[in-house]
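Topology and contacts: notes
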Amino acid sequence: MAAMDREMILADFQACTGIENIDEAITLLEQNNWDLVAAINGVIPQENGILQSEFINAETSQVPVFGPASQPSSSSSSSSSSAFCPVVSSRPIVERQPRMLNFRVEYRDRNVEVVIEDTSTVGAIKQILENELQIPVSQMQLKGWKSPDTSDSTILRSLHLPKNNSLYVLTPELAQPGSAGPATSQASTLQESLNQNFMLIITHREAQRDYSLNFPGTRTIQEVKRNIFDLTNIPVRHQVWEGWPASFEDDSVTLAAAGLSYPCHRLTVSKRPSPAQTREQSEECTDVHMVSDSEGDDFEDATEFGVDDGELFGVVSSASKKSPMMPEEAENEADALLQFTAEFSSRYGECHPVFFIGSLEAAFQEAFYGKARDRKLLAIYLHHDDSVLTNVFCSQLLCAESIVSYLSQNFITWAWDVTREANRARFLSMCTRHFGSVVAQTIRTYTTDQFPLLLIIMGKRSSNEVLNVIQGNTTVDDLMMRLINAMEIFAAQQQEDIRDEDEREAREKVKQEQDEAYRLSLEADRAKREAQEKEIAEQVRQEQLQKEQEEEREAIRLSLEQSLPAEPKEESTEPVSKLRIRTPRGEFFERRFLASNRLQVVFDFVASKGFPKEEYKLLSTFPRRDVSQFDATETIMEVKLYPQETLFLEAKE
């Protein structure tokens, strides 16, 4: 049976029975001698118990055809079994269910997996590959088919394919990646950009902080702005950006198409000035004005920027023109203090205390919880815009060079604005948490005209102590005196803390040294024990080696002793040489040898006595000769050791 016929029978058998395992299907067909009907009868249970053995012609029968001949033709009545299918007698056969075929398609350095029904066409595979590879069907050649006359309209079922197949794509009309045309190159570049990740380094100008964020190329600019809102609390409509490419026009553009620098692009974001700040700059000389139509969009954001109703409707007092030191209901303390510092500098100049940017807890950590020598006092400045003392206190006292210098050297200065009731309540809550309800109640009793306040805090082991509360109605000298008094109290406490810390560190150092000495002692003991064990093991090994060498030498000696020729008798008719040999210990042993014996016999005799040639020299007396250097094949007669000779052994160096 031809191989092609067996492939067709195998495909029909799998289609009729639904058996996808090729090995199992071949085994069943071989058991039935590749008889398709018999193999199907043995697998498919029939209601009537019998499957008709005759075939129904696919051209004349109304029964659905399972073979590859999907179109009637004059050749359909040929003997090819693939054009027919067995049917159950007196019952229409159920139409064959489609098979799922797996294709692994290679294109250059890519592999695409395609799963498709066998009722589909070759062109359907090309349509899938067009979407995956971005290659037009008209310029794609799909190779790897067993049948040479495969076209786009060819039905996969007619090819009798196994479940898993491998194909490859050729694109002779397309240039290689390095020589692509402008349009193709641009599309390819965009596709690559969509698959890349962009590193955006975004600087928040007010917070003076950088965020390094990774975004896929498919992310839109609008989505990036929404993510930045989560980090900076700046609504998208109030974000002012710098660094986007000039070509970008719409926030719906993806990062891949926006023309960003890859792999890293730098941007800057800031908050758009509030309507109150804008109007203050443009209407400094006007106390009453009407809101123009162009400011209509500002009404919905007025409360966000702290603009009151009087300002919106045109009544703007000189006090209300000021930008707030802090946003109302400030949630992020660091951002609120950034705004406070910027506004303080704009009002009173750059010569002012360095305000700590961060939460009150972070200020405590910086001031109180470092090394004792590095600790400082904490000065909390409470600002109130409605107090008549504020401007004088800030401009003439807090910004005085002597005060600024002293605070910078000895204090961590933290500030808060209690003008707004929400921010005042927020500070009192923090005050209760960190200093207790008594201090919070004391600050609550201060009236507006007693502000601003400067709280001097000293950290202690158990709690934080408020050393002094300095009100706004004071002088530079009085303020400096109070700061110096607080520093004297702090210095005494600091010296005590330094002494305790030094003692603690000394104890810890002694303990560490003891631990280190103990560790070194353990290591020394372990090293000594390991050295002893190693020495014992080496000694045992040497003894074992020596024993093995002695056993080997004894075996060699016995072997040589047994291989020696018999000692000739004195009355022998042949010439006999009598050799007398002295050992290094002064002992003698004698033996007779035939004068015709080789010199090797003498060497073997000496070695059998425990003196191998490799370790000892055999010397004659008169004249002194090294017999062990002679040719061992020479006879005793030839080396003139006949009729008798006295030799002595000497150990080699």
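In this report, we go over the structure that sits alongside the text. These figures come from a predicted structure and were not determined experimentally.

Some words on the sheet that holds strand E14 (residues 588-594)
- Taken in spatial order, the five strands make up an open sheet running E14-E13-E17-E15-E16, and their pairing is mixed. Two strands close off the open sheet at either side, each with one partner strand: E14 and strand E16 (625-626).
- As judged from the two bridges shared by strand E15 (residues 616-620) and E16, these two strands associate in the antiparallel manner. The residue of E16 that forms the bridge with Ser620 is Arg625.
- Along the sheet face, helix H16 (residues 599-608) touches strand E13 (576-582), E14, E15 and strand E17 (644-651) and points at about 150 degrees away from the line of E14.

Focus: the state of the cysteines
- One pass over the structure, following the stated rule, counts zero disulfides.
- Unpaired in terms of disulfides, Cys394 finds its nearest cysteine sulfur in Cys399, a separation of 6.5 Å.

Observations concerning the packing of aromatic side chains
- One pass over the full model with this rule turns up 18 aromatic pairs.
- Note on Tyr406 and Phe411: the rings are 6.3 Å apart at their centroids and 50 degrees apart in plane angle, and the pair reads as tilted. By the burial criterion, Tyr406 is buried, and Phe411 matches it.
- Arranged with centres 5.5 Å apart and planes meeting at 65 degrees, the rings of Phe589 and Phe605 form a pair that is edge-to-face. Of the two residues, Phe589 is situated in strand E14 and Phe605 in helix H16; the sequence distance between them amounts to 16 residues. Here Phe589 matches Phe605 in class, with each residue buried.
- Among the aromatic residues, ring-to-ring pairing joins Phe340, Phe344, Tyr348, Phe355, Tyr381 and Phe393 into one connected group.
- Above the ring of Phe593, the side-chain terminus of Arg591 is found at 4.9 Å from the ring centroid.

Brief notes about the environment of Glu650
- Examined against the element boundaries, Glu650 turns out to sit in strand E17.
- What makes Glu650 partly exposed here is its relative accessible area of 29%.
- Placed 67 residues apart in sequence, Glu650 and Thr583 show a C-alpha to C-alpha distance of 7.5 Å.

Re the pattern of salt bridges
- In this structure the tally under the stated criterion is 28 salt bridges.
- For Arg157, the salt bridge goes to Asp118, with nearest N and O atoms at 3.7 Å. Of this pair, Arg157 sits in the loop between strand E3 (141-143) and strand E4 (164-170) while Asp118 sits in the loop between strand E2 (110-117) and helix H4 (122-133), placing them 39 residues apart in sequence.
- With relative accessibility at 17%, the residue Arg157 sits in the buried group.
- Asp515 serves as the salt-bridge partner of Lys511, at 3.1 Å between the closest nitrogen and oxygen. A residue pair is termed a helical-turn pair when its members lie 3 or 4 positions apart in one helix, as Lys511 and Asp515 do in helix H15 (residues 476-563) at four residues.
- Counted as one network, the salt bridges with shared partners bring together Arg104, Glu106 and Glu113.

So, the nonpolar core
- By size, the foremost hydrophobic cluster in this structure holds 59 residues, and its most contacted members are Leu378 and Trp414.
- What Leu378 contacts, discounting residues up to four positions off in sequence, is Leu360, Ala363, Phe364, Ala367, Phe368, Phe411, Ile412, Trp414, Leu455, Ile456 and Ile457.
- If you look at the next biggest cluster of nonpolar residues, it comprises 21 residues, including Leu599, Val606, Phe611 and Ile636.

Rules used in this analysis
- Residues numbered from 1 in each chain as written.
- Predicted model: local features only at pLDDT ≥ 70, side-chain atom pairs only at ≥ 80, totals over all residues.
- Heavy atoms only, no water.
- Pairing = 2+ DSSP bridges.
- Helix = DSSP H or I, 4+ residues; strand = E, 2+ residues; numbered from the N terminus.
- Contact = heavy atoms within 4.5 Å.
- Axes fitted to C-alpha atoms, helices over the stretch in contact; angles between N-to-C directions.
- Disulfide = S-S within 2.5 Å.
- Phe/Tyr/Trp six-rings, centres within 6.5 Å; stacked < 30°, edge-to-face > 60°.
- Buried < 20%, exposed > 50% of the residue type's maximum accessible area, 1.4 Å probe, protein only.
- Lys NZ or Arg CZ within 6 Å of the ring centre and 35° of its normal.
- Salt bridge = Lys/Arg side-chain N within 4 Å of Asp/Glu carboxyl O.
- Core = buried A, V, L, I, M, F, W, Y, C linked by side-chain atoms within 4.5 Å.

Scope: geometric values only; no functional claims are made or implied.
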